[in-house]
Amino acid sequence: MGHYDKFSRIASEREQFRTAGINPFGTCIDEVYSATEGRIGDQKIILAGTNNYLGLTFNAQAIADAQTALAKQGTGTTGSRMANGSYGPHLALEQEIAEFFGRPSAIVFSTGYTANLGVISTLADHNAVVLLDADSHASIYDACALGGAEIIRFRHNDAKDLERRMVRLGERAKDAIIIVEGIYSMLGDIAPLVEIVDIKKRLGGFLIVDEAHSFGVMGPTGRGLAEAAGVEQDVDIIVGTFSKSLASIGGFAVGANAMDVLRYASRPYIFTASPSPSSIASVRSALKTIATQPELRQKLWDNAARLYEGLEKLGYELSSHISPVVPVIIGAKEEGLRIWRELIASGVYVNLILPPAAPAGITLLRCSVNAAHTCEQIDAIIHAFAQLKK
Ligand code: PMP
């Protein structure tokens, strides 16, 4: 048996997609013109399926700062944070993130994925028990597997189910690690953090919140769900990424002073190269923009409401609340694929999410808005969906 044989079913399915036109699993965006527009083949498209929430990918200051860093510090660090890959700006960014959150310590990682891997696998070793939301991101599951902890899943966003499982743990609940996300990436729904913190106060536990999709998006100053919910002091570690609202690449963890020791034990921190100087420079610039331009967050939520209400009026099935991630729930996979292709043909790119990537085996057209979308662009997205109803 060949080593690739086990992939034959998925390979033939992908081949069918390829021959039928654009492949949803390897869509090439041939050109990107701005935070909101690009081109796929001959088709100019509105980008309505990204994580560029504040629309900062083409921010002039971030580009200028990245260009300066590129010229002054080179194209890459060629080494790990622990060896030759910690430059002044990496440390400066850690300081800036810590200050932004009002916390003692921050660690910069190479991606959001390795931030979760680096923090969770190190803390959640084979002696630990982890309670995690069933819809957790793959990086959280992979981190638990790498660390070797015992995993207990609780029902998505169900604080009562978490509490039941904590109670069952008895004495072990005190040291259990609880992991949730801020905004969940597929359905755009939000963790019941106030209730979870209440459980932690009564039963114990160490709380990690992955704010990948909520950092820069929620909270009066953009620090995320924990800030919005008023429970920052009760969250032990916040993990985040540079690849969404900060429009670059890399990841971070922020928490207590004691967290700093993870640097000396975390394999995903030690055994990979650090983010390149230009990435770090653009993140530092974007972080300043988040701090000084709260109006971007307002525009993001205004756009989210405009798209949600427009699609709701057309009768599409959406999630139960408004967020920058607006999932259009489609019945069958084939239908999802057809609609997705037609949207591209009418100039709108959204993410096609097929099972098992979407929770509960559903097919989603994951639309997401950003602060750079104009009202006209949001209306064009709604118009493209309206045409499909005809
Ligand atoms: N956590 C969550 C919740 C995510 O959605 C993602 C990315 N989709 C990550 C972590 C990983 O972040 P990155 O893509 O920056 O590695």
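Residues numbered from 1 in each chain as written. Predicted model: local features only at pLDDT ≥ 70, side-chain atom pairs only at ≥ 80, totals over all residues.

1. Some words on the overall build of the protein
Check the secondary structure of the protein and you find 13 helices and 14 strands. Its C-alpha atoms give the protein a radius of gyration of 21 Å, within 12% of the compact-globule value 21 Å for 390 residues. Counting only C-alpha atoms, the protein reaches 60 × 55 × 55 Å along its principal axes. A total of 390 residues make up the protein; the buried ones form 48% of that total. Looking at the protein alone, contacts between residues at least 24 apart form 70% of all its contacts between residues at least 6 apart. (Helix = DSSP H or I, 4+ residues; strand = E, 2+ residues; numbered from the N terminus. Rg over C-alpha atoms; globule rule 2.2 N^0.38 Å. Buried ≥ 20, exposed ≤ 12 C-beta atoms within 10 Å, placed from the backbone. Contact = placed C-beta atoms within 7 Å.)

2. Let's talk about unusual backbone geometry
Here the phi dihedral of Thr78 falls at roughly 55°; this positive angle occurs in a residue that is not glycine. Mapped onto the secondary structure, Thr78 falls in the loop between helix H2 (60-73) and helix H3 (88-101). Given 12 C-beta atoms within a 10 Å radius, Thr78 is considered exposed. Within the chain, Ala247 stands out as a residue other than glycine whose phi angle is a positive 60°. Inspection of the secondary structure assignment puts Ala247 in the loop between strand E9 (237-241) and strand E10 (251-255). For Ala247, a count of 26 C-beta atoms within 10 Å corresponds to the buried category.

3. Comments concerning the UniProt feature "domain: Aminotransferase class I/classII large" (unreviewed entry) in the protein
Mapped onto this numbering, the UniProt entry annotates "domain: Aminotransferase class I/classII large" (unreviewed entry) at residues 45-384. With 41% helix and 16% strand, residues 45-384 has end C-alpha atoms that lie 11 Å from one another. (UniProt positions renumbered as here; feature names shortened; annotations may be inferred.)

4. Overview of the sheet that holds strand E3 (residues 43-47)
Spatially, the 4 strands line up as an open sheet ordered E1-E2-E3-E12, and their pairing is mixed. Either end of the sheet is taken by a strand with one partner, and the two such strands are strand E1 (31-32) and strand E12 (348-349). (Pairing = 2+ DSSP bridges.)

5. A word on the site of the ligand
Taken together, 14 residues surround the ligand, and among them Gly112, Tyr113, Ala212, Thr241 and Ser243 come closest. Among the residues making up the shell around the ligand, the classes are represented as 2 nonpolar, 10 polar and 2 charged. (Near = placed C-beta within 6 Å. Nonpolar A, V, L, I, M, F, W, Y, C, P; charged D, E, K, R; others polar.)

6. Some remarks on the pairing of E10
In terms of burial, E10 is a largely internal element, 5 of the 5 residues being buried. Burial of the side chains of E10 extends over both faces: Gly251, Ala253 and Gly255 are buried on one face and Phe252 and Val254 on the other. Two elements, E9 and E10, share 5 bridges in a ladder whose sense is antiparallel. Among the inter-strand pairings, Thr241 is bridged to a residue of E10, identified as Gly251.

7. Some thoughts on the sheet that holds strand E11 (residues 325-330)
Spatial strand order, E11-E14-E13: 3 strands in an open sheet with antiparallel pairing. Across the chains shown, the open sheet's two edge strands, defined by having one partner strand only, are E11 and strand E13 (351-353). Mean inter-strand twist for the sheet, computed between neighbouring axes without regard to direction, equals 25°. Pairing between E13 and strand E14 (residues 363-368): 3 bridges, direction antiparallel. Residue pairing in the sheet places Leu352 in a bridge with Leu365 of E14. Here helix H11 (residues 294-313) sits on the sheet and contacts E11 and E14; the angle it forms with E11, its principal contact strand, is near 20°. Lying on the sheet, helix H12 (residues 333-345) is in contact with E11, E13 and E14; it crosses E14 at an angle near 30°. (Axes fitted to C-alpha atoms, helices over the stretch in contact; angles between N-to-C directions.)

8. Quick notes on the pairing of E9
Burial analysis of E9 places 5 of its 5 residues in the buried class, which makes it a mostly covered element. Judged by which residues are buried, E9 turns out to be covered on both faces: Ile237, Val239 and Thr241 on one side and Ile238 and Gly240 on the other are all buried. In this structure, strand E8 (residues 206-210) lies alongside E9, joined through 3 bridges in parallel fashion. Looking across to E9, one finds that Val209 is bridged to Ile238.

9. Description of the packing of H3 against helix H10 (residues 277-292)
Packing of H3 against H10 brings their axes to within 10 Å, and their N-to-C directions diverge by 25°. Between H3 and H10, the interaxial angle falls into the category roughly parallel. Two packed elements cross with a definite hand, and for H3 against H10 that hand is left-handed. Contacts from Pro89, His90, Leu93, Glu96 and Phe100 in H3 reach Pro277, Ile280, Ala281, Val283, Arg284, Leu287 and Ala291 in H10. (Parallel < 35°, antiparallel > 145°, perpendicular 65-115°, else oblique. Left-handed = near helix turned anticlockwise from the far one by under 90°.)

10. As for the confidence of the model for the protein
Confidence in the prediction of the protein, expressed as mean pLDDT, is 96, and 100% of residues score 70 or more. This prediction of the complex comes with two scores: 0.97 for pTM and 0.99 for ipTM. (pLDDT = per-residue confidence, 0-100.)

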